[in-house]
Amino acid sequence: MPRDALLLLSRLLLAALFVPSGFQALSDIAGTTGYFAGLGLPLPALAAWGTGLFELIAGLLILVGFQTRIAALLLAAFCIAAGFIGHYGQGDGDGMLAFLHQQMLMKDIAISGGFVALSMAGAGAWSIDGRGAV
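Described in the following lines is the structure provided in the data block. Keep in mind it's a predicted model, so treat the numbers as computed, not measured.

**Description of the packing of helix H1 (residues 3-27) against helix H5 (residues 95-121)**
Alright, step 1. Contact geometry of H1 with H5 gives a least axis separation of 11 Å together with a crossing angle of 140°. When the axis of H1 is compared with that of H5, the two are oblique. Once H1 is placed against H5, the crossing between them reads as left-handed. Between H1 and H5, the residues in contact are Arg3, Leu7, Ser10, Arg11, Leu14, Leu17 and Phe18 and Ile111, Gly114, Phe115, Leu118 and Ala121, respectively.
Alright, step 2. Here the residues of the contact of H1 with H5 sort into eight nonpolar, two polar and two charged.

**A short note on the packing of aromatic side chains**
Alright, step 1. Here the structure, examined in full by the defined rule, presents five aromatic pairs.
Alright, step 2. With centroids separated by 5.1 Å and ring planes inclined at 45°, the aromatic side chains of Phe54 and Phe78 adopt a geometry described as tilted. In this pair, Phe54 sits in helix H3 (residues 44-64) while Phe78 sits in helix H4 (residues 68-86), placing the two residues 24 residues apart along the sequence.
Alright, step 3. Of the residues examined, Phe54 reaches a relative accessible area of 25% and is grouped as partly exposed.
Alright, step 4. Site record: aromatic cluster; members linked through ring pairs are Phe18, Phe54, Phe78 and Phe115.

**Focus: H3**
Alright, step 1. Under the 1.5 Å per step criterion, the end-to-end length of H3 is 30 Å for 21 residues, consistent within 8% with the ideal 30 Å.
Alright, step 2. For H3, every residue scored as buried is listed here: Ala47, Ala48, Thr51, Gly52, Glu55, Leu56, Ala58, Gly59 and Ile62.
Alright, step 3. Remark: Gly65 follows H3 within two positions and exhibits a positive phi of approximately 75°.

**Re the environment of Leu63**
Alright, step 1. Topologically, Leu63 is positioned in helix H3.
Alright, step 2. For the pair Leu63 and Ile29, spaced 34 residues apart in the sequence, the C-alpha separation amounts to 23 Å.
Alright, step 3. Apart from residues lying up to four places away in sequence, Leu63 is in contact with Arg11, Leu12 and Ala15.

**Remarks on the side chain of Thr51**
Alright, step 1. Mapped onto the fold, Thr51 is located in helix H3.
Alright, step 2. A polar atom in the side chain of Thr51 sits 2.8 Å from the backbone oxygen of Ala47.
Alright, step 3. Residues in contact with Thr51, not counting those within four places in the same chain, are Phe36 and Phe78.

**Concerning unusual backbone geometry**
Alright, step 1. Located in the positive-phi region is Leu43, a residue other than glycine, with phi close to 50°.
Alright, step 2. Its location among the elements puts Leu43 in the loop between helix H2 (29-38) and H3.
Alright, step 3. A positive phi angle, close to 55°, is found at Gln67, a residue other than glycine.
Alright, step 4. Its location among the elements puts Gln67 in the loop between H3 and H4.

**Observations concerning the environment of Val64**
Alright, step 1. For Val64, the position within the fold is in helix H3.
Alright, step 2. Val64 gets classed as partly exposed once you look at its relative accessible area, which sits at 37%.
Alright, step 3. When the C-alpha atoms of Val64 and Leu9 are compared, they prove to be 11 Å apart, with 55 residues separating the residues in sequence.
Alright, step 4. In contact with Val64, other than residues within four places in its own chain, are Arg11, Ser127 and Ile128.

Conventions we followed
Residues numbered from 1 in each chain as written. Predicted model: local features only at pLDDT ≥ 70, side-chain atom pairs only at ≥ 80, totals over all residues. Heavy atoms only, no water. Axes fitted to C-alpha atoms, helices over the stretch in contact; angles between N-to-C directions. Helix = DSSP H or I, 4+ residues; strand = E, 2+ residues; numbered from the N terminus. Parallel < 35°, antiparallel > 145°, perpendicular 65-115°, else oblique. Left-handed = near helix turned anticlockwise from the far one by under 90°. Contact = heavy atoms within 4.5 Å. Nonpolar A, V, L, I, M, F, W, Y, C, P; charged D, E, K, R; others polar. Phe/Tyr/Trp six-rings, centres within 6.5 Å; stacked < 30°, edge-to-face > 60°. Buried < 20%, exposed > 50% of the residue type's maximum accessible area, 1.4 Å probe, protein only. Expected span 1.5 Å × (residues − 1). Polar contact = N/O pair within 3.5 Å; in protein donor to acceptor, adjacent residues only side chain to side chain.

Right, dumping it as structure tokens:
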């Protein structure tokens, strides 16, 4: 498969996680705020709005390939932070729940790696970033 097609596929797959997540967070802002409050975050409503907007906007930037290198690096950092805030040490003594949170943390770390690779490769020719490049 050509390089640009693979870069498009990687952007589509990564955006498929963040665009719906951001939309869901904003669509149920009370639930998102409650989740962040349950994690003990200060200003959970602000965290909910900020997270939802960031996921939606950054996901859309990745989807269309605009400012891809910057958006990918920001999303890589976001994934690491979200993984540690939301999953590290979670489980409250329940072995199954602790295992689930450990797996979710590792998933976030792996997704971060995908974003780092995308930031290095760029969006490819089939993107807004690559539109003017030959």
